[in-house]
Amino acid sequence: MRSILPSVGAVAVCLVAGSAFANSTGISGRSGKQSVSCTASGCHGGGSSTPTVTLEGPTALTAGQTGQYSLIITGGPGAKAGMNVASDGATLTAGSGTKVLNGELTHSLPKAFSNGSARFDFSLVAPATNGTYKVYAAGNSVNGDTAATGDAHANATLDVVVTGGSDPAPIKEDEGGCSVATSGAPAALLAVFAALAARRRRRS
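Predicted model, so just to flag it, every value in this text is computed and none were measured.

Visitor: Can you help me understand the overall build of the protein in this one?
Guide: Of regular secondary structure, the protein possesses two helices and 14 strands. Across the 204 residues in the protein, those meeting the buried criterion constitute 37%. Summarising the internal contacts of the protein: among those between residues at least 6 apart in sequence, 75% fall at separations of at least 24. In the structure as shown, the protein presents an accessible area of about 10300 Å², 54% of it carried by carbon and sulfur atoms.

Quick look at the structure:
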């Protein structure tokens, strides 16, 4: 089976709580799938402690099956949390507190921590093609002061193996068209040299 990256999916979180620079109703493209994080994009940073982000759910599905997943953010500044989920090849469905944005999942509103953690539930529909799909996750833990400072985020991934569907199309290998032409080159050169030699003999 081929490995698809990101394959099932990808999860990310970037919460900015209510400042002029904030995305309190969610943002896409911060899952890590595109190699862009919350800090790198100028959303959040400066928090004194980093949260732990965990993805929970089945690591094997049959083609077309729906799996239930959760993104759990623990620790960090720990007042509120946000999330963003991205996936290649799998269909993501929003759960409570999340929504679909540009084909990814993100929080619809910041979620308050409870007993030291925040949880976002969602579902994923396995694609029809067999393979290993990756879910990327980034969770943001903020201090709730509506500024982009004093916050922290972390990432997680989860591989999901899909079976029972169609096999991926085989990758066609290079048939070596150039090498065939190259192999004929010596004979062609000999013919040219022979023609030149004959011409010289005629002239002499």
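Visitor: Just checking my understanding: could you explain the side chain of Thr98 for this structure?
Guide: Residue placement: Thr98 occurs in strand β9 (residues 98-101). A polar contact is formed between the side chain of Thr98 and the backbone nitrogen of Gly95, at a distance of 2.7 Å. Those residues within four positions of Thr98 in sequence are excluded, and the remaining contacts are Met83, Thr106, His107, Ser108, Phe120 and Asp121.

Visitor: Before we go on, may I ask you to explain the sheet that holds strand β12 (residues 117-125) in this structure?
Guide: Working definition: the strands of a sheet are paired by backbone hydrogen bonds and lie parallel or antiparallel to each other. Strand order in the open sheet formed by four strands is β4-β6-β12-β8, with antiparallel pairing between adjacent strands. The open sheet has two free edges, formed respectively by β4 (52-56) and β8 (91-94), since each of these has just one partner strand. The sheet shows a mean angle of 25° between the axes of neighbouring strands, taken without regard to direction. Pairing geometry for β4 and strand β6 (residues 66-74), over five bridges, is antiparallel. Opposite Glu56, over in β6, you have Ser70 as the bridge partner.

Visitor: Where do I start with the nonpolar core in this structure?
Guide: One broad trend across soluble globular proteins is that nonpolar side chains are buried collectively. Ranked by internal contacts, the top residues of the largest apolar core, which has 26 residues, are Val53, Leu55, Tyr69, Leu71, Phe122 and Leu124. Of all elements in the fold, only β4, β6, β7 (80-89), β12, β13 (131-142) and β14 (149-163) reach the threshold of two or more residues within this core.

What counts and what doesn't
Residues numbered from 1 in each chain as written. Predicted model: local features only at pLDDT ≥ 70, side-chain atom pairs only at ≥ 80, totals over all residues. Heavy atoms only, no water. Helix = DSSP H or I, 4+ residues; strand = E, 2+ residues; numbered from the N terminus. Buried < 20%, exposed > 50% of the residue type's maximum accessible area, 1.4 Å probe, protein only. Contact = heavy atoms within 4.5 Å. Areas by Shrake-Rupley, 256 points an atom, 1.4 Å probe, with all protein chains shown as cover. Polar contact = N/O pair within 3.5 Å; in protein donor to acceptor, adjacent residues only side chain to side chain. Pairing = 2+ DSSP bridges. Axes fitted to C-alpha atoms, helices over the stretch in contact; angles between N-to-C directions. Core = buried A, V, L, I, M, F, W, Y, C linked by side-chain atoms within 4.5 Å.

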